[in-house]
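Structural overview for review
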Amino acid sequence: MVFGSVKGYGIQQISLKMLENKKWNFSELEIKDSDIKNEIKSVIENGGTVFALEKKKIFKAVYLFKLVNDSDDKYLSFAKKIVLDEIIEDAIKEFEDDMTTLLGEAVAGEEVSKVIWGEKEIELSKIKIGKLEIPLSIIWMLMGILFWLLFDDFMWFVIYLCIGVSSGYAVKINEPKRKLKKSKKKTKEKK
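Residues numbered from 1 in each chain as written. Predicted model: local features only at pLDDT ≥ 70, side-chain atom pairs only at ≥ 80, totals over all residues. Heavy atoms only, no water.

1. Notes on the overall build of the protein
Each helix and strand in the protein was counted, giving 6 helices and 8 strands. Secondary structure elements of the protein occur, N-terminal to C-terminal, as β-β-α-α-α-β-β-β-α-β-β-α-α-β. For the protein, the computed accessible surface area is about 13600 Å², with 55% contributed by carbon and sulfur atoms. (Helix = DSSP H or I, 4+ residues; strand = E, 2+ residues; numbered from the N terminus. Areas by Shrake-Rupley, 256 points an atom, 1.4 Å probe, with all protein chains shown as cover.)

In structure tokens:
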């Protein structure tokens, strides 16, 4: 599945069909890790996901996320990455930012409860609804009905219904808080 491009490389989510299809080339990645195709297959078959960068159907980077079943909790955990030296650092950073968004969508789709990626933890978070959110939601829906009646187009109601109902959930990324050491300055008091 294609998700866009980064600095001339296509962003792909690798599927089992892609592994079997001869059009897709893993040879450059296999130079760095000869067993990478088997690892990708294992991750996908066990419910995980694999994102990759490709150029002209030749894979240049892969990120493997394994599915972890921890009692009642299912989540994705970062397992491994292989990146060829030819890819510039800016492309990797942009790819990882895009991948964070894609992983957030997996959490929002409730396939998994969270994604653990290094020091980042991507999870669904319920937003606390205040006193004004419910009345504002109703006002948005009433505006949708008003625009629907004025313009005789049901789409206005659907748009404002989505706006009114959309408050309540959001995806958040937890990053560890860094502890900063404060340097103590000695001050001399003049008397």
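2. Points about unusual backbone geometry
Look at Lys-7: it is not a glycine, yet its phi comes out positive at around 50 degrees. Turning to its location among the elements, Lys-7 is positioned in the loop between strand E1 (2-6) and strand E2 (9-13). Among the residues examined, Lys-7 registers a relative accessible area of 48% and is labelled partly exposed. Phi is positive for Lys-56, which is not a glycine, with a value near 55 degrees. Structurally, Lys-56 can be placed in the loop between strand E3 (49-55) and strand E4 (58-70). (Buried < 20%, exposed > 50% of the residue type's maximum accessible area, 1.4 Å probe, protein only.)

3. Quick look at the confidence of the model for the protein
Per-residue confidence for the protein gives a mean pLDDT of 78, with 78% of residues at or over 70. When the elements of the protein are averaged for pLDDT, strand E8 (residues 169-174) gives the smallest value, 49, and helix H3 (residues 36-45) the largest, 92. Under a pLDDT of 50 for its full length, residues 168-172 has, in the predicted model, 20 contacts with residues more than four places off or in other chains. Segment residues 178-191: pLDDT under 50, and 0 contacts once partners within four positions in sequence are set aside and those in other chains are kept. (pLDDT = per-residue confidence, 0-100. Contact = heavy atoms within 4.5 Å.)

4. Observations concerning the pattern of salt bridges
Overall, the coordinates contain 8 salt bridges when judged by the stated rule. We note a salt bridge from Lys-7 to Glu-94, for which the minimum N-O separation is 3.8 Å. In this pair, Lys-7 sits in the loop between E1 and E2 while Glu-94 sits in helix H4 (residues 89-108), placing the two residues 87 residues apart along the sequence. Each of the salt bridges in this network shares a partner with another, and the network as a whole consists of Glu-28, Lys-60 and Glu-86. (Salt bridge = Lys/Arg side-chain N within 4 Å of Asp/Glu carboxyl O.)

5. What about the packing of aromatic side chains?
In this structure the tally under the stated criterion is 15 aromatic pairs. Geometrically, the ring pair formed by Trp-148 and Phe-157 is tilted, given 5.6 Å between the ring centres and 35 degrees between the ring planes. Take Phe-157: its relative accessible area is 17%, and that puts it in the buried class. Between Phe-154 and Phe-157, the ring centres sit 5.8 Å apart and the planes meet at 45 degrees, which makes this aromatic pair tilted. Placement of the pair is Phe-154 and Phe-157 together in helix H6 (residues 154-165), with a separation of 3 residues, close to one helical turn. With relative accessibility at 44%, the residue Phe-154 sits in the partly exposed group. These aromatic residues form a ring-pair network of at least three members: Phe-51, Tyr-63, Phe-65, Phe-78, Phe-95 and Trp-117. In this structure, Lys-55 is placed above the aromatic ring of Tyr-9, and the distance from its NZ or CZ to the ring centre is 4.7 Å. Positioned over the ring face of Trp-24 is Lys-57, at 4.6 Å from the centre of the ring. (Phe/Tyr/Trp six-rings, centres within 6.5 Å; stacked < 30°, edge-to-face > 60°. Lys NZ or Arg CZ within 6 Å of the ring centre and 35° of its normal.)

6. A few points about H4
Over its 20 residues, H4 extends 29 Å from the first C-alpha to the last, a length consistent with the 28 Å expected when each residue adds 1.5 Å. For H4, the full list of buried residues reads Ala-91, Ile-92, Phe-95, Met-99, Thr-100, Leu-102, Leu-103, Gly-104, Ala-106 and Val-107. (Expected span 1.5 Å × (residues − 1).)

7. Things to note about the layout of surface pockets
Its boundaries defined by the atoms lining it, the largest pocket holds a volume of some 210 Å³. Taken together, 14 residues make up the lining of the largest pocket; nearest its centre are Gln-13, Thr-49, Leu-76, Ala-106 and Glu-111. Among the secondary structure elements, those contributing two or more residues to the lining of the largest pocket are E3, strand E5 (73-83) and H4. Partitioning the lining of the largest pocket into residue classes produces 7 nonpolar, 4 polar and 3 charged. (1 Å grid on protein atoms, 1.4 Å probe; cavity = no way out; pocket = protein on both sides within 12 Å on 5 of 7 lines; lining within 4 Å. Points joined across faces, edges and corners; volume = space filled by probe spheres on them. Nonpolar A, V, L, I, M, F, W, Y, C, P; charged D, E, K, R; others polar.)

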